[in-house]
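Listed below, chain by chain, are the residues.
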Amino acid sequence: MIKIGIINVSDRASAGVYEDIPGKAVVSLLTEWLTCSWEPVYRVIPDEQDQLEATMIELADAEGCCLVVTTGGTGPALRDVTPEATKAVCQKMMPGFGELMRQESLKYVPTAILSRQTAGIRNQTLILNLPGKPTAIGQCLSVVFPAIPYCIDLIGGPFLTTDVEKMKVFRPKS
Ligand SMILES: Nc1ncnc2c1ncn2[C@@H]1O[C@H](COP(=O)(O)OP(=O)(O)OP(=O)(O)O)[C@@H](O)[C@H]1O
Ligand SMILES: Nc1nc2c(c(=O)[nH]1)N[C@H]1C(S)=C(S)[C@@H](COP(=O)(O)O)O[C@H]1N2
């Protein structure tokens, strides 16, 4: 079974102050787009770098997720450490994901430049950061998703398929 990790990184969501809207939004978009069978591996944790790194490693190495999507903790605030944790656990960074998501987000809010969201590869797992704002989830994930299945092909992961009416992905012809 294809597994996809979703980690909501938020002190308030993990304390139950917020409902986990961003994480649920990721699951609902993936459910709408993907036609292959898959299952979410879901975590809600505080902005603690050690815990976040341990959770990313668990979802990548022990659970075998081909993709791990994080929400929140990408900004400049003192406790925002999601990009640092991502860099610490990845062997390769994929800066194009962050660049494209910021460019898209700027169409909606000038504060898009405050997100340090990035992506990287840990072994056979792509780790992708999204901002924590519920409205940012669809705006960011839909703009980078067309490249995600091919990225997962290239790192030796499972073949992700989508409903082309809802999410058209791109795989270059070999
Ligand atoms: N479940 C939610 N419902 C409504 N707004 C949310 C929710 N989660 C996040 N947000 C909004 O997105 C912003 C950024 O979210 P993020 O998770 O990065 O940080 P945070 O919620 O401030 O985290 P923390 O609780 O760790 O400070 C929040 O300030 C809030 O405005
Ligand atoms: N699409 C989109 N991107 C966005 C935003 C948003 O509302 N929509 N908020 C910005 C703001 S205000 C901040 S502080 C940063 C970091 O958010 P995070 O700490 O929740 O990850 O994301 C930015 N990117």
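Residues numbered from 1 in each chain as written. Chains lettered and ligands numbered in written order. Predicted model: local features only at pLDDT ≥ 70, side-chain atom pairs only at ≥ 80, totals over all residues. Heavy atoms only, no water.

**Focus: unusual backbone geometry**
Then comes step 1: The phi torsion at N123 lies on the positive side, around 50°, for a residue other than glycine.
Then comes step 2: Among the residues examined, N123 registers a relative accessible area of 45% and is labelled partly exposed. (Buried < 20%, exposed > 50% of the residue type's maximum accessible area, 1.4 Å probe, protein only.)

**A short note on the site of ligand 1**
Then comes step 1: Among the 14 residues in the neighbourhood of ligand 1, the closest are listed as D11, R12, Y18, E19 and D47.
Then comes step 2: Here an oxygen atom of ligand 1 sits 2.5 Å away from a polar atom, N or O, in the side chain of D47.
Then comes step 3: One nitrogen or oxygen atom from the main chain of G73 is found 3.2 Å from an oxygen atom belonging to ligand 1.
Then comes step 4: For ligand 1, whose unbound accessible area comes to 580 Å², protein coverage reaches 71%.
Then comes step 5: Most atoms of ligand 1, that is more than half of them, are within 2 Å of grid points of the largest pocket.
Then comes step 6: For the shell around ligand 1, the class distribution of residues is five nonpolar, four polar and five charged. (Near = heavy atom within 4 Å. Polar contact = N/O pair within 3.5 Å; in protein donor to acceptor, adjacent residues only side chain to side chain. Areas by Shrake-Rupley, 256 points an atom, 1.4 Å probe, with all protein chains shown as cover. 1 Å grid on protein atoms, 1.4 Å probe; cavity = no way out; pocket = protein on both sides within 12 Å on 5 of 7 lines; lining within 4 Å. Sits in = over half its atoms within 2 Å of the grid points. Nonpolar A, V, L, I, M, F, W, Y, C, P; charged D, E, K, R; others polar.)

**Focus: the nonpolar core**
Then comes step 1: Counting residues in each nonpolar core, the largest one holds 32 residues, and the members touching the most others are L30, L67, L128, L130, L141, F145 and I148.
Then comes step 2: At the level of secondary structure, the elements contributing two or more residues to this core comprise β1 (2–9), α2 (21–33), β3 (67–71), α5 (95–105), β5 (119–122), β6 (125–130), α6 (134–144) and α7 (148–154).
Then comes step 3: Per-element tally for this core: the top contributor is α2, with five residues.
Then comes step 4: For L30, the residues in contact, after removing those within four places along its chain, are I4, W38, L141 and F145. (Core = buried A, V, L, I, M, F, W, Y, C linked by side-chain atoms within 4.5 Å. Helix = DSSP H or I, 4+ residues; strand = E, 2+ residues; numbered from the N terminus. Contact = heavy atoms within 4.5 Å.)

**Focus: the pattern of salt bridges**
Then comes step 1: Evaluation of the coordinates by the stated rule reveals 11 salt bridges.
Then comes step 2: Linking R79 and D11 is a salt bridge whose minimum nitrogen-to-oxygen distance equals 2.6 Å. Separated by 68 residues along the polypeptide, R79 in the loop between β3 and α4 (82–89) and D11 in helix α1 (residues 11–14) bring together distant segments of the chain.
Then comes step 3: Using a relative accessible area of 38% as the deciding quantity, one classes R79 as partly exposed.
Then comes step 4: Between K24 and E19 there is a salt bridge whose closest N-O contact spans 2.9 Å.
Then comes step 5: One continuous salt-bridge network, built from bridges that share partners, spans K3, R43, E58 and E63. (Salt bridge = Lys/Arg side-chain N within 4 Å of Asp/Glu carboxyl O.)

**Structural notes on the site of ligand 2**
Then comes step 1: The environment of ligand 2 is formed by 16 residues, the closest being T74, G75, S105, G132 and Q139.
Then comes step 2: Taking G132, its main chain carries an N or O atom lying 2.8 Å from an oxygen atom of ligand 2.
Then comes step 3: Summarising the interface, the protein chains cover 84% of the accessible area of ligand 2, which totals 530 Å² for the free molecule.
Then comes step 4: Using a 2 Å cut-off from the grid points, one finds that ligand 2 occupies the largest pocket.
Then comes step 5: A class-by-class count of the residues in the shell around ligand 2 yields five nonpolar, nine polar and two charged.

**As for the UniProt feature "domain: MoaB/Mog" (unreviewed entry) in the chain**
Then comes step 1: Taking the numbering used here, the UniProt-annotated feature "domain: MoaB/Mog" (unreviewed entry) corresponds to residues 5–151.
Then comes step 2: Taken end to end, residues 5–151 has its terminal C-alpha atoms 16 Å apart, with 44% of it in helix and 20% in strand. (UniProt positions renumbered as here; feature names shortened; annotations may be inferred.)

**Things to note about the pairing of β3**
Then comes step 1: Counting buried positions along β3 gives five out of five residues, so the element sits mostly inside the fold.
Then comes step 2: Side-chain alternation along β3 places L67, V69 and T71 on one buried face and V68 and T70 on a second face that is also buried.
Then comes step 3: Two elements, β1 and β3, share five bridges in a ladder whose sense is parallel. Residue pairing across strands places G5 opposite V68, the latter belonging to β3.
Then comes step 4: Relative to β6, β3 runs parallel, the two sharing five bridges. Note that in β6 the partner of T70 across the bridge is N129. (Pairing = 2+ DSSP bridges.)

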